[in-house]
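Geometric and topological summary
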Amino acid sequence: MEKETAGKPVYALGDRFATACLMTAIGGFLDAYTFTQHGGVFASTQTGNLVLFAISIMNGQFTAALQKIVPVGLFCCGILSTHWVEHHLNGTGRNFWRLGVILVEIVIFVAVGFLPTRTPAILITSAIAFTTALQMTAFRSMNGLGYANMFSTGNLQKAMNNLYSTLATRNRAAGEKFGRYGGLVLCFVAGALVSSLTGRWLTTRSIWVVAGILVIFSTVQLRLSLSAEIYLDRNH
């Protein structure tokens, strides 16, 4: 959460609407990327993978079932890993640990882009499922509001709930929440569209687009965070 110290904010990496929009767009990009480029498996929508897993089991397609369930396992590992990192490395409360999460994402995305097309899809989708879990767990609030940056069902539900409250009670706060959650849904769709578009020319290397965006984002956020750190050190 963003705090004020002597009139100057301490920049919280994960608690801004702009950050939420970017992370949600990346979520849409990754889901579209794995679905179109790597075997029709979703990177983060584990509900879909579990359904496809059950269908494959019932049809006796055990290899296909394995391809659907392994990403689910890696997704769970990603969530647990992120909580461990947050618990052990966030002692200062300054949120630098999230930059480490982004760095892991960048390394994996760059590596995936270099893999040959004959690489088994299960390896790629599992690696990406791990990164989506990292991102979803590390970036889960915007200005105090919970949200999901890797799928849109929850965001869409919250948008509609707040739309109803706005129309029924003229609640201004609900209207603002509707705008934020509705904006996240649009960002998710936009990310999927960009993924489909870049995939036509870059194919599996289109994931480097996300890596490049995260490099720029993390660089900017690091500079902002360090500026806040220097200010705090001088005023303590």
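To keep things clear, this report deals only with the structure shown in the data block. These figures come from a predicted structure and were not determined experimentally.

It is worth spelling out the overall build of the chain at this point. Across its full length, the chain carries 8 helices and 4 strands. Moving toward the C terminus, one meets the helices and strands of the chain in the order β-β-α-α-α-α-α-β-β-α-α-α. Residue burial in the chain is summarised as follows: out of 236 residues, 44% are buried. The long-range share in the chain, meaning contacts at least 24 apart out of those at least 6 apart in sequence, stands at 72%. Total accessible area on the chain is roughly 12,100 Å²; 67% of this is exposed by carbon and sulfur atoms.

Next up on the list: the side chain of Glu105. Examined against the element boundaries, Glu105 turns out to sit in helix H4 (residues 97–114). Buried and without a salt bridge, Glu105 has Arg98 as its closest oppositely charged side chain, separated by 10 Å. Residues contacting Glu105, with those up to four places away along its chain left out, are Thr131, Gln135 and Leu214.

With that settled, the discussion passes to the packing of aromatic side chains. The full count for this structure, using the stated rule, is 1 aromatic pair. Arg98 extends its terminal NZ or CZ atom over the ring of Phe139, reaching a point 5.9 Å from the ring centre. Over the face of the ring belonging to Phe17 we find Arg180, whose NZ or CZ atom lies 5.1 Å from the ring centre.

This part takes up the environment of Leu156. Secondary-structure assignment places Leu156 in helix H6 (residues 153–169). The partly exposed category is assigned to Leu156, whose relative accessible area is 44%. Spatially, the C-alpha atom of Leu156 lies 6.4 Å from that of Val185, the residues being 29 residues apart in sequence.

The next subject is the side chain of Ser126. In this structure, Ser126 sits in helix H5 (residues 121–138). With residues near it in sequence (within four places) discarded, Ser126 still touches Val70, Pro71 and Leu74.

Compared with an ideal rise of 1.5 Å per residue, which puts 18 residues at 26 Å, H4 spans 27 Å between its outermost C-alpha atoms and is within 8% of the ideal. Those residues of H4 that fall on the buried side of the exposure criterion are Trp97, Arg98, Leu99, Val101, Ile102, Glu105, Ile106, Ile108, Phe109, Val112 and Gly113.

What counts and what doesn't
Residues numbered from 1 in each chain as written. Predicted model: local features only at pLDDT ≥ 70, side-chain atom pairs only at ≥ 80, totals over all residues. Heavy atoms only, no water. Helix = DSSP H or I, 4+ residues; strand = E, 2+ residues; numbered from the N terminus. Buried < 20%, exposed > 50% of the residue type's maximum accessible area, 1.4 Å probe, protein only. Contact = heavy atoms within 4.5 Å. Areas by Shrake-Rupley, 256 points an atom, 1.4 Å probe, with all protein chains shown as cover. Lys, Arg positive; Asp, Glu negative; His and termini not counted. Salt bridge = Lys/Arg side-chain N within 4 Å of Asp/Glu carboxyl O. Phe/Tyr/Trp six-rings, centres within 6.5 Å; stacked < 30°, edge-to-face > 60°. Lys NZ or Arg CZ within 6 Å of the ring centre and 35° of its normal. Expected span 1.5 Å × (residues − 1).

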